[in-house]
Amino acid sequence: MIDAHSYAAYDAQSPLKSWDFQRREVGDHDVQIDILFCGVCHSDLHYARGEWMPVNYPQVVGHEIVGQVVKVGKDVSKHKAGDFVGVGCIVDSCRTCSSCQADLENYCTEGMQGTYMGVEKQTGRPTQGGYSTVIVVDENYVLRVPAGMDLAKAAPLLCAGITLYSPLRHWNAGPGKTVGIVGLGGLGHMGVKLAHAMGAKVILFTTSPDKVADGKKLGADDVVISKSEDDMKRYAGQLDLIVNTVAASHQLDPFINLLKLDGTMVLVGAPATPHPSPQVFPLLMQRRSLAGSAIGGIRETQEMLDFCAEHDVLPEIEMTSMQDINQAWDRVAKSDVKYRFVIDMATLKGPR
Ligand code: NAP
Ligand code: ZN
Ligand code: ZN
């Protein structure tokens with residue numbers, strides 16, 4: 001077994017605290033990764049606080065992992081010691097269902113094995129995430145960090161990046177399309193940057209007037225304060241696609257009314273409580289769709305990393321130490337991050 005140090009949730013309310021545990025031995029197909037950086041996703045808070053489902057504590061979260069390979073199993077061919085690699089939200093899946101066969105492991109019909117929120121096939125124990133010093137992952141679920149990419153900034157791409165890239169690609173964001181991004185947080189700011197890089201006209205919808213200037217700097221062609229009915233009216237019937245990243249329950253109808261004929265709003269935000277049900281008429285009168293999307297498959301995640309390297313699309317990050325994680329979480333809960341925290345895991349490796 002491999003010793004790992006971490007910060008873990010011990011229950012739904014208490015601050016995260018230091019926890020030592022063990023990773024499985026490196027199997028023939030496994031890669032052992034020394035974790036250098038881990039992004040802080042709002043899902044980490046939702047899950048650790050038991051907002052989505054019951055949790056087996058102690059629980060280590062974190063699924064935006066970048067590190068260096070230190071050891072590989074004898075049958076590993078995709079990665080070697082010394083490589084800089086990433087691990088996102090998926091560490092395994094059934095590999096045989098129609099989704100897995102189509103490179104859509106995120107939609108595995110058996111249920112993907114989450115980096116946290118899963119059960120480790122090899123040990124039967126709950127999976128433990130990236131707020132830790134080391135992780136062991138099957139080579140097929142490990143991504144290549146493109147050469148020269150800033151390693152700390154690469155981390156948030158593994159969840160925030162792919163969660164926006166995948167629906168933007170699936171619903172054909174690009175030149176001639178007007179794309180709305182709702183919420184300027186970790187996911188939303190990647191949505192603005194990615195949709196802009198894909199050539200779409202980008203409209204940001206935010207509840208925070210102090211984020212207007214940033215939204216434009218990040219690539220939005222216009223910014224709408226979503227709490228203002230008058231401001232919202234400017235885009236009635238104008239948008240081809242909306243990707244909604246809001247982490248809290250809210251009325252969807254005001255956004256649905258902004259879609260064109262055949263437009264789609266994709267929900268990626270995953271609040272603890274359901275949204276009020278949308279009304280039927282705004283949907284049926286313009287043949288509009290309401291959809292959902294969850295992260296992306298491994299092949300598409302690699303494609304996204306390569307796209308980000310080519311187009312120089314990287315997140316805006318604030319670095320934090322592992323010891324300051326609870327203050328960082330307080331700020332995430334208040335939507336007060338510019339725009340993604342990344343934990344420098346070196347702070348956990350020294351004397352604790
Ligand atoms: P985040 O950084 O906290 O951003 C959420 C944004 O939502 C905020 O910055 C805020 O933007 C907006 N917001 C408006 N009202 C809010 C309220 N009452 N409470 C909180 N936020 C509010 O979170 P994130 O990491 O981007 O994640 C966003 C959501 O997506 C979370 O629910 C997360 O669990 C989920 N998620 C889903 C997937 C997936 O695969 N579908 C993947 C990752 C995360 P403004 O200030 O601009 O209004
Ligand atoms: Zn996430
Ligand atoms: Zn499957």
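Heads up: the structure comes first, above all this text.
Just so it is clear, the model here is predicted, and its values are computed rather than measured.

Chemist: Outline the nonpolar core, supporting the account with residue identities and numerical values.
Modeler: Among the nonpolar cores identified, the biggest contains 94 residues, and Y131, L168, L194, I325 and W329 are the most heavily contacted of them. With near-sequence residues (within four places) excluded, L194 lies in contact with G161, L164, Y165, L168, F307, C308 and V313. Among the nonpolar cores identified, the runner-up in size contains 16 residues, and I203, F205, V224 and L259 belong to it.

Chemist: How would you explain the packing of helix α4 (residues 160–170) against helix α5 (residues 186–197) if you had to name every residue and give the values?
Modeler: It is the contact of α4 with α5, at a shortest axis distance of 8 Å, that shows an interaxial angle of 50°. With respect to each other, α4 and α5 are oriented oblique. When the axes of α4 and α5 are compared, the crossing they make is right-handed. Of the residues in α5, those in contact with A160, G161, T163, L164, Y165 and L168 of α4 are G186, L187, M190, G191, L194 and A195. Within the contact of α4 with α5, the residues separate by chemical class into eight nonpolar, four polar and no charged.

Chemist: With reference to specific residues and values, describe the coordination of the zinc ion (ligand 3).
Modeler: At 2.3 to 2.4 Å from the zinc ion (ligand 3) lie its protein donor atoms, namely C94 (SG), C97 (SG), C100 (SG) and C108 (SG). Mapped onto the sequence, the residues coordinating the zinc ion (ligand 3) show the spacing C-x2-C-x2-C-x7-C. The buried category is assigned to C97, whose relative accessible area is 9%.

Chemist: Which residues make up α5, and what values go with them?
Modeler: Compared with the 16 Å implied by 1.5 Å per residue over twelve residues, the 17 Å span of α5 between its first and last C-alpha is a close match. For α5, the tally of buried residues reaches ten of twelve residues, placing the bulk of the element in the interior. All of the buried residues along α5 are G186, L187, G188, H189, M190, G191, V192, K193, L194 and A195. Contacts made by the buried residues of α5 are with α4, β10 (178–182), β11 (201–206), α6 (212–218), α10 (298–311) and β17 (340–344). Residue G199 follows α5 closely and has a positive phi angle near 95°.

Chemist: Outline the coordination of the zinc ion (ligand 2), supporting the account with residue identities and numerical values.
Modeler: All of the protein donors around the zinc ion (ligand 2) are C41 (SG), H63 (NE2) and C159 (SG); their distances to the metal are 2.0 to 2.3 Å. In primary-sequence terms, the residues that donate to the zinc ion (ligand 2) follow C-x21-H-x95-C. In this pair, C41 sits in the loop between β3 (30–39) and α1 (42–48) while H63 sits in the loop between α1 and β4 (65–72), placing the two residues 22 residues apart along the sequence. Exposure class is identical for C41 and H63. Each is buried.

Chemist: Explain the environment of S43 residue by residue, including any values.
Modeler: Inspection of the secondary structure puts S43 in helix α1. Here the alpha-carbon distance between S43 and V61, two residues 18 residues apart in the chain, equals 8.8 Å. Leave out the neighbours within four places in its chain, and S43 touches W52, H63 and Y116.

Chemist: Describe unusual backbone geometry, listing the residues and the values that go with them.
Modeler: That bond from Y57 to P58 is cis: its omega, -5°, falls within 30 degrees of zero. Of note, P58 is situated in the loop between α1 and β4. The residue after K338, namely Y339, is reached through a cis peptide bond having omega -15°. With respect to the secondary-structure elements, Y339 resides in the loop between α11 (325–333) and β17. The phi angle at D103 is positive, at roughly 65°, despite the residue not being glycine. Mapped onto the elements of the fold, D103 is located in the loop between α2 (98–101) and β7 (113–114).

Chemist: Before we move on, can you summarise the pairing of β17 with the specific residues and values?
Modeler: Summarising burial for β17: four of the five residues are buried, a large majority. Taken together, the three bridges between β3 and β17 define a ladder with antiparallel strand orientation. The partner of F37 across the bridge, within β17, is D344. Following the backbone out of strand β16 (residues 317–321), through α11 and into the adjacent parallel β17, one traces a crossover that is right-handed.

Chemist: Just give me the short version of the site of ligand 1, but keep the residues and values in it.
Modeler: The environment of ligand 1 is made up of 29 residues, and the closest members are T206, T207, S208, K211 and R340. One of the side-chain nitrogen or oxygen atoms of T207 is found 2.6 Å away from an oxygen atom of ligand 1. Residue S335 places a side-chain N or O atom 3.4 Å away from a nitrogen atom belonging to ligand 1. Protein chains bury 87% of the 910 Å² of accessible surface belonging to ligand 1 in isolation. Elements supplying a minimum of two residues to the shell around ligand 1: α1 and α5. Take the shell around ligand 1: its biggest share by element is three residues, from α1. Within the shell around ligand 1, the residues separate by chemical class into 13 nonpolar, 14 polar and two charged.

Chemist: A description of the sheet that holds strand β15 (residues 289–292) should follow, citing residues and the corresponding values.
Modeler: Spatially, the six strands line up as an open sheet ordered β12-β11-β10-β13-β14-β15, and their pairing is parallel. Only two strands of the sheet have a single partner each, and these edge strands are β12 (222–225) and β15. Between one strand axis and the next, the sheet turns through 20° on average, direction left out of account. Of the strands in this sheet, β10, β13 (239–244) and β14 (259–267) are in contact with α4, which crosses β13 at around 160°.

Analysis parameters
Residues numbered from 1 in each chain as written. Chains lettered and ligands numbered in written order. Predicted model: local features only at pLDDT ≥ 70, side-chain atom pairs only at ≥ 80, totals over all residues. Heavy atoms only, no water. Core = buried A, V, L, I, M, F, W, Y, C linked by side-chain atoms within 4.5 Å. Buried < 20%, exposed > 50% of the residue type's maximum accessible area, 1.4 Å probe, protein only. Contact = heavy atoms within 4.5 Å. Axes fitted to C-alpha atoms, helices over the stretch in contact; angles between N-to-C directions. Helix = DSSP H or I, 4+ residues; strand = E, 2+ residues; numbered from the N terminus. Parallel < 35°, antiparallel > 145°, perpendicular 65-115°, else oblique. Left-handed = near helix turned anticlockwise from the far one by under 90°. Nonpolar A, V, L, I, M, F, W, Y, C, P; charged D, E, K, R; others polar. Donors = N, O, S within 2.8 Å, 3.2 Å for Na, K, Ca; no water. Expected span 1.5 Å × (residues − 1). Pairing = 2+ DSSP bridges. Right-handed = clockwise from strand over helix to strand, strands pointing away. Near = heavy atom within 4 Å. Polar contact = N/O pair within 3.5 Å; in protein donor to acceptor, adjacent residues only side chain to side chain. Areas by Shrake-Rupley, 256 points an atom, 1.4 Å probe, with all protein chains shown as cover.

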